[in-house]
Amino acid sequence: MNEFDLIQGYFNWKLNDASIELGVGDDAAIFNLDPGHQLIMSTDTLVEGIHFFKDASPIDIAYKSLAVNLSDIAAMGGVAKCYTLSLTLPKLDKDWLEQFSTSLKESSERFRVNLIGGDTTRGPLNITISMMGSIEINSAIKRSGASAGDDIYVTGSLGAAALCLKKINEGVKPSESELISLNKPIPRLELGSALRNIASSCIDISDGLEQDLSHILKSSNVGAIIYSDKLPLDNSVSNYVKDSNDWSLPLCGGDDYELCFTAGKSKRKKIKELSEGLKVRVTRIGVINNQKELEIVGYNGPKSSYQHF
Ligand SMILES: [Mg+2]
């Protein structure tokens with residue numbers, strides 16, 4: 001099987017978006033943006049042994065590669081449209097490829113995005129997706145828009161993926177729901193898009209709330225106070241925190257892929273309506289101030305969010 005056969009056999013799917021003029025199979029793809037819209041783009045790499053375990057299922061790897069990229073588009077308030085895939089494989093394993101491509105295709109249909117091109121090479125297993133989306137001109141939610149007095153919110157719950165990872169590393173079997181938190185994060189696309197013109201800033205939590213919120217503070221040149229007892233936790237994380245008094249998992253754990261956003265106090269009613277309408281838990285955890293630092297009430301531990309290097 002050569003590269004051409006690999007792409008034709010596993011990655012040349014029927015397009016289901018009329019705005020894509022040309023997908024896989026030429027030197028480059030072509031797609032049209034609606035008038036008054038901007039291209040929005042993000043890329044993320046998953047590396048074996050760093051972002052997933054050596055024996056991870058190709059089904060989970062494919063889903064998560066797509067989900068983490070979609071989460072970045074969601075954090076900007078964009079609508080995801082299409083993506084390219086660069087796949088580096090140690091060998092041509094047809095069974096692995098079959099499972100990976102089936103999962104990627106199903107996930108793409110679920111989130112209504114199309115694969116429009118990419119590249120394959122041989123080497124240590126590495127999956128790089130570049131996601132493209134569109135957004136109305138000047139409506140993207142940047143990290144730089146927070147101002148003193150804004151409320152701080154997070155979606156979903158925090159720490160379950162980190163708890164799962166901790167258990168695996170300690171040789172303890174994680175629960176089914178913890179495994180889902182780690183392997184199947186849900187990109188908050190609908191909410192992210194609905195937060196345009198409501199949220200003043202937004203980021204997705206990939207490296208840990210403490211670090212990712214700090215990116216908002218730095219970009220916006222503000223500080224914040226958050227309350228650890230207001231963090232949304234599911235039962236397993238809540239029990240872990242009660243037993244250990246260790247808040248580092250929900251604060252610094254990462255891999256949550258929830259949104260952290262800020263909004264003026266006048267938006268509280270609107271945000272509550274969005275949360276109820278879209279059935280996404282949204283929790284107010286603190287407030288932006290002019291202090292130029294992040295104060296976490298109820299936490300004195302190390303601020304040790306995920307570091308890439
Ligand atoms: Mg991000």
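Values in this document were obtained by computation on a predicted structure and should not be read as measured data.

A.B. asks: Help me get a handle on a nonpolar patch on the surface, residues and values and all.
C.D. replies: The grouping of Leu33, Leu39 and Met41 at the surface amounts to a nonpolar patch, some 280 Å² of accessible area in total. Here Met41 lies in strand β3 (residues 37-47). Owing to a relative accessible area of 52%, Met41 belongs among the exposed residues under this scheme.

A.B. asks: Break down the pattern of salt bridges for me, with residues and values.
C.D. replies: Applying the stated rule across the entire model yields 14 salt bridges. One salt bridge in this structure joins Lys81 and Asp17, with 3.6 Å as the shortest N-O distance. Of this pair, Lys81 sits in strand β4 (residues 79-89) while Asp17 sits in the loop between α1 (3-10) and β1 (20-22), placing them 64 residues apart in sequence. What makes Lys81 buried here is its relative accessible area of 12%. Measuring nitrogen to oxygen at the nearest pair gives 3.8 Å for the salt bridge that ties Lys265 to Asp151. Pair noted here: Lys265 is in the loop between β10 (259-263) and α10 (268-278) and Asp151 is in strand β7 (residues 151-155), with a separation of 114 residues, a long-range link. A cluster of three or more residues bridged by salt bridges with shared partners is formed by Asp151, Lys265, Arg268 and Arg284.

A.B. asks: Requested: an account of the nonpolar core, with residues and values cited.
C.D. replies: With 35 residues, the main nonpolar core has Phe11, Tyr83, Leu85, Phe100, Leu104, Ile127 and Met131 as its most contacted residues. Where this core is concerned, the elements lending two or more residues are α1, β3, α2 (58-76), β4, α3 (94-110) and β6 (126-136). In terms of residue count, the dominant contributor to this core is α2 (9 residues). Counting 31 residues, the second-largest nonpolar core is a separate cluster that includes Leu158, Leu251, Ile285 and Ile296.

A.B. asks: Lay out the packing of α2 against α3 in plain terms, naming residues and giving numbers.
C.D. replies: Packed helix pairs are specified by the crossing angle of their axes together with the interaxial distance, meaning the distance between the axes. Across the interface, α2 lies against α3 with an axial gap of 8 Å and an inter-helix angle of 35 degrees. The element α2 and its partner α3 pack so that their crossing is right-handed. Contact residues: Pro58, Ile59, Ile61, Ala62, Tyr63 and Leu66 in α2; Trp96, Gln99, Phe100, Ser103, Leu104, Ser107, Ser108 and Arg110 in α3. Of the residues belonging to the contact of α2 with α3, the class tally is 9 nonpolar, 4 polar and 1 charged.

A.B. asks: Before we move on, can you summarise the coordination of the magnesium ion with the specific residues and values?
C.D. replies: Note on the magnesium ion: its protein donors are Asp72 (OD) and Asp204 (OD). The metal-donor distances range over 2.1 Å. Of this pair, Asp72 sits in helix α2 while Asp204 sits in strand β8 (residues 201-204); the two residues are 132 residues apart in sequence, bridging distant segments of the chain. A residue is classified by how much of its surface remains accessible, and Asp204, at 4% relative accessible area, is buried.

A.B. asks: Hey, could you go over the sheet that holds strand β5 (residues 114-122) for me, with residue numbers and the actual values?
C.D. replies: Within the open sheet, the 4 strands sit side by side as β3-β6-β4-β5. Their pairing is mixed. The two strands at the open ends of the sheet, each matched to only one other strand, are β3 and β5. The average angle at which neighbouring strand axes cross in this sheet is 15 degrees, direction not considered. As paired elements, β4 and β6 share 9 bridges and run antiparallel to each other. Across the sheet, the residue bridging to Leu87 is Ile127, located in β6. Packed on one face of the sheet, α3 meets β4 and β6 and runs near 170 degrees to β4.

Cut-offs and rules
Residues numbered from 1 in each chain as written. Predicted model: local features only at pLDDT ≥ 70, side-chain atom pairs only at ≥ 80, totals over all residues. Heavy atoms only, no water. Patch = residues over 30% accessible without salt bridge, like charges linked within 9 Å, V, L, I, M, F, W, Y side chains within 5 Å. Areas by Shrake-Rupley, 256 points an atom, 1.4 Å probe, with all protein chains shown as cover. Salt bridge = Lys/Arg side-chain N within 4 Å of Asp/Glu carboxyl O. Helix = DSSP H or I, 4+ residues; strand = E, 2+ residues; numbered from the N terminus. Buried < 20%, exposed > 50% of the residue type's maximum accessible area, 1.4 Å probe, protein only. Core = buried A, V, L, I, M, F, W, Y, C linked by side-chain atoms within 4.5 Å. Axes fitted to C-alpha atoms, helices over the stretch in contact; angles between N-to-C directions. Left-handed = near helix turned anticlockwise from the far one by under 90°. Contact = heavy atoms within 4.5 Å. Nonpolar A, V, L, I, M, F, W, Y, C, P; charged D, E, K, R; others polar. Donors = N, O, S within 2.8 Å, 3.2 Å for Na, K, Ca; no water. Pairing = 2+ DSSP bridges.

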